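Okay, here's what each chain looks like letter by letter:
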Amino acid sequence: MSIHDELRQVEEDLARLRSEVAGLREQVGDLGPTDPMDRSALISMADQQEALADELEGRRESLLRRIDDNKRVDAQDL
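Described in the following lines is the structure provided in the data block. On a predicted model such as this, the values are computed, not experimentally measured, just so you know. As a convention, each chain's residues are numbered from 1 in the sequence order in which they are written. Restriction of local features to residues with pLDDT of at least 70 applies here, the model being predicted, together with a cutoff of 80 or more for giving and counting side-chain atom pairs; totals for whole chains, interfaces and linings are based on all residues. For the side-chain quantities, the full set of heavy atoms in the structure was used; hydrogens and water were omitted.

## Quick look at the overall build of the protein chain
For the record, the criterion: A run of H or I in DSSP counts as a helix once it spans at least four residues, and a run of E counts as a strand once it spans at least two, with each numbered from the N terminus. A radius of gyration in this sense is built from C-alpha atoms; the matching globule rule multiplies 2.2 Å by the number of residues raised to 0.38. For each residue, the accessible area found with a 1.4 Å probe, counting protein chains only, is set against the maximum for its type, and the residue is called buried under 20%, exposed over 50%, and partly exposed in between. Residue contacts are defined here by distance: any two heavy atoms, one from each residue, within 4.5 Å place the two residues in contact. Each accessible area is a Shrake-Rupley estimate made with a 1.4 Å probe; only the visible protein chains count as cover when residues are assessed.
If you tally the helices and strands in the protein chain, you get two helices and zero strands. A globule of 78 residues ought to have a C-alpha radius of gyration of about 12 Å, yet the protein chain, at 18 Å, is considerably larger. Taken along the three principal axes of its C-alpha coordinates, the protein chain extends 65 × 20 × 15 Å. Put simply, the protein chain has 78 residues, and 19% of those count as buried. Contacts in the protein chain between residues far apart in sequence, at least 24 positions, make up 70% of those at least 6 positions apart. As displayed, the protein chain offers around 5,600 Å² of accessible surface, 51% of which is attributable to carbon and sulfur atoms.

In structure tokens form, the structure reads like this:
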């Protein structure tokens, strides 16, 4: 898998996770007065998904740096 393919996959996964987090947070808001355990579980799931998204953002930044570094090396070879 090329760096560009991996970057594309990371960006797709990141978008999906962010959408899931937004959906979970919306569910928490829509619950109204309900079981605190249910609300807590949804918040916990959203927090876990956000942590995964943060890791993916770090991976995306790493891939972008690698692409940039490769471009600079290629430019020096010219």
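On we go from here.
## Some words on the pattern of salt bridges
Cut-off, in case you're wondering: The salt bridge criterion pairs a side-chain nitrogen of Lys or Arg with a carboxyl oxygen of Asp or Glu, the two atoms within 4 Å.
Summed over all chains, the structure comprises ten salt bridges. As a salt-bridge pair, Asp54 and Arg18 come within 3.4 Å of each other at their nearest N and O atoms. Here Arg18 lies in helix H1 (residues 3–30) and Asp54 lies in helix H2 (residues 36–77), a separation of 36 residues in the sequence. Judged by its relative accessible area of 45%, Asp54 is partly exposed. The shortest N-O distance in the salt bridge between Asp68 and Arg72 comes to 2.4 Å. Of the two residues, Asp68 and Arg72 are both situated in helix H2; the distance of four residues between them amounts to about one turn of the helix. One network of salt bridges, in which partners are shared, links Arg18, Asp54 and Glu57.

## With respect to the nonpolar core
Cut-off, in case you're wondering: Working definition of a nonpolar core: buried Ala, Val, Leu, Ile, Met, Phe, Trp, Tyr and Cys residues. They are joined through side-chain atoms within 4.5 Å.
Among the nonpolar cores identified, the biggest contains nine residues, and these are Ile3, Leu7, Val10, Leu14, Leu17, Ala53, Leu56, Leu63 and Ile67. Contributing elements (two or more residues each) for this core: H1 and H2. Counting residues per element, this core draws most heavily on H1, at five residues. Excluding residues that lie within four positions of it along the chain, Leu56 makes contacts with Val10, Asp13, Leu14 and Leu17.

## Some words on the side chain of Gln49
Among the secondary structure elements, Gln49 is positioned in helix H2. In this structure Gln49 touches Leu17, Glu20, Val21 and Leu24, once residues within four positions along its chain are discounted.

## Concerning H1
Where we set the bar: For a helix, the expected span equals 1.5 Å multiplied by the number of residues minus one.
In this model H1 runs 40 Å from its N-terminal to its C-terminal C-alpha over 28 residues, within 8% of the 40 Å that 1.5 Å per residue would give. Turning to H1, its buried residues number three or more, namely Ile3, Leu7, Val10, Leu14, Leu17, Val21, Leu24 and Val28.

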